[in-house]
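The primary structure of each chain is shown beneath.
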Amino acid sequence: MQQHRLPSRQHPPRPSRSRTLTGLLASAAATAGLLLTALAPGAQAVAANPYERGPAPTNASIEASRGSYATSQTSVSSLAVSGFGGGTIYYPTSTADGTFGAVVISPGFTAYQSSIAWLGPRLASQGFVVFTIDTNTTLDQPDSRGRQLLSALDYLTQRSSVRTRVDASRLGVMGHSMGGGGSLEAAKSRTSLKAAIPLTGWNTDKTWPELRTPTLVVGADGDTVAPVGTHSEPFYESLPGSLDKAYLELRGASHFTPNSSNTTIAKYSLSWLKRFIDNDTRYEQFLCPIPRPSLTIAEYRGTCPHTS
Ligand code: 9J3
Ligand code: ZN
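A few points on the structure. (Residues numbered from 1 in each chain as written. Chains lettered and ligands numbered in written order. Predicted model: local features only at pLDDT ≥ 70, side-chain atom pairs only at ≥ 80, totals over all residues. Heavy atoms only, no water.)

### Here we look at the overall build of the protein chain
Scanning the protein chain for helices and strands turns up seven helices and nine strands. Relative to its full complement of 308 residues, the protein chain shows a buried share of 50%. For the protein chain, long-range pairs separated by at least 24 residues make up 68% of all intrachain contacts whose partners lie at least 6 apart in sequence. Accessible surface, the protein chain: about 13900 Å² in total, of which carbon and sulfur atoms supply 55%. (Helix = DSSP H or I, 4+ residues; strand = E, 2+ residues; numbered from the N terminus. Buried < 20%, exposed > 50% of the residue type's maximum accessible area, 1.4 Å probe, protein only. Contact = heavy atoms within 4.5 Å. Areas by Shrake-Rupley, 256 points an atom, 1.4 Å probe, with all protein chains shown as cover.)

The following block contains the structure:
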């Protein structure tokens with residue numbers, strides 16, 4: 001009878017045992033012990049979650065203006081791409097932690113990437129490759145912005161200078177206003193996306209039962225351009241009830257609140273991206289049970305607990 005043995009440089013072959021029951025049991029126990037000893041150090045990191053990036057989060061770390069990764073950025077000329085208007089890629093400088101999930105972000109009607117630029121370093125420093133884009137024209141409508149978000153994702157994963165840093169299977173979309181409406185369009189047409197976050201989203205289409213992407217809908221209580229009653233709320237309610245979804249309504253906020261650095265937008269967007277692009281359940285604590293109304297949260301709805 002042949003003994004089962006782990007290939008190992010540290011452990012020389014053992015002498016064969018007798019074929020008694022106790023011998024077999026002892027052999028099995030020894031092999032199990034060997035397995036545990038051999039696998040424990042590596043298995044700890046791998047078995048937990050291969051997509052986790054960065055230290056265990058705290059409320060302070062998700063509210064901070066920067067995460068643990070130093071970041072770099074590279075400009076993408078509109079002349080060098082097709083299907084969208086170029087942009088800026090923000091990414092963790094280090095290659096020591098493997099690949100990262102990625103998110104592309106579209107600005108709103110008449111606006112440029114500068115209007116959502118604050119999210120670039122903010123999210124990249126937490127361990128994402130972030131691509132803030134310009135659209136082909138600033139007047140492009142949400143359906144067009146949705147296609148442009150997907151073109152930008154394809155550019156990012158297939159042609160960009162940072163493509164080897166990106167895990168092309170773990171991608172998300174965000175956007176402001178018509179860009180947020182575009183993020184819903186993108187998720188509708190590419191159900192493999194892992195996360196979508198429309199920020200004070202605007203769209204003439206109010207119903208999104210086709211989405212299969214975990215979606216965080218962010219509205220603003222004082223939005224008169226895309227009022228929550230005719231935009232974010234119906235968007236959220238029309239998403240499948242079986243979906244991991246949430247509705248965050250910012251308190252004391254306007255349509256343009258997502259255009260400046262905002263802690264509430266950042267902490268819940270980051271938690272959503274971490275939870276669903278990185279499958280990082282360490283962030284579940286910030287999403288479930290659903291956050292209570294506060295100085296900055298007018299209302300929060302969600303399907304909790306989230307599935308894996
Ligand atoms: O992207 C947006 O800010 C959409 C809001 C808007 O101006 O819609 C009117 C056409
Ligand atoms: Zn619809």
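Once you've had a look at it, read on.
### Section: the coordination of the zinc ion (ligand 2)
The zinc ion (ligand 2) binds to the protein through D205 (OD), D205 (OD), T207 (O) and T207 (OG1); the donor distances cover 2.0 to 2.6 Å. Here the zinc ion (ligand 2) is ringed by four donor atoms whose angles at the metal span 53 to 137°, and the overall shape comes out irregular. Since its relative accessible area comes to 44%, T207 is described here as partly exposed. (Donors = N, O, S within 2.8 Å, 3.2 Å for Na, K, Ca; no water. Tetrahedral: all angles 85-135°; square planar, octahedral: opposite > 155°, others 65-115°.)

### Re the site of ligand 1
In the vicinity of ligand 1, the contacting residues are G108, F109, S177, M178, W202, V225 and H255. At 2.7 Å from an oxygen atom of ligand 1 is found a main-chain nitrogen or oxygen belonging to F109. Here S177 contributes a side-chain N or O atom positioned 2.4 Å from an oxygen atom of ligand 1. Calculation on ligand 1 without its partners gives an accessible area of 310 Å², and the protein chains cover 73% of this total. Among the residues forming the shell around ligand 1, the class breakdown is four nonpolar, three polar and no charged. (Near = heavy atom within 4 Å. Polar contact = N/O pair within 3.5 Å; in protein donor to acceptor, adjacent residues only side chain to side chain. Nonpolar A, V, L, I, M, F, W, Y, C, P; charged D, E, K, R; others polar.)

### Remarks on empty space enclosed by the protein
If you walk through the whole model with that rule in mind, you get two cavities of 30 Å³ or more. Its boundaries defined by the atoms lining it, the second largest cavity holds a volume of some 30 Å³. Lining the second largest cavity are I62, A64, R122, L123, Q126, A266, K267 and L270. At the level of secondary structure, the elements contributing two or more residues to the lining of the second largest cavity comprise α3 (119-124) and α7 (263-277). If you tally residues by element for the lining of the second largest cavity, the top one is α7, at three residues. The residue inventory of the lining of the second largest cavity, partitioned by class, reads five nonpolar, one polar and two charged. (1 Å grid on protein atoms, 1.4 Å probe; cavity = no way out; pocket = protein on both sides within 12 Å on 5 of 7 lines; lining within 4 Å. Points joined across faces, edges and corners; volume = space filled by probe spheres on them.)

### So, the state of the cysteines
This model, assessed by the stated rule, comprises one disulfide. What pairs with C288 in a disulfide is C304, and their sulfur atoms sit 2.0 Å apart. Between C288 and C304 the sulfur-sulfur dihedral comes to about -80°; the bridge is accordingly left-handed. Of this pair, C288 sits in the loop between α7 and β9 (297-302) while C304 sits in the segment after β9, and the two are 16 residues apart along the sequence. (Disulfide = S-S within 2.5 Å.)

### As for the pairing of strand β2 (residues 87-92)
Most of β2 is tucked away, with six of its six residues classed as buried. Neither face of β2 is exposed, since G87, I89 and Y91 on one face and T88, Y90 and P92 on the opposite face are all buried. Here strand β1 (residues 71-76) pairs with β2 via six bridges, running antiparallel. Within β2, the position partnered with S75 by the bridge is T88. (Pairing = 2+ DSSP bridges.)

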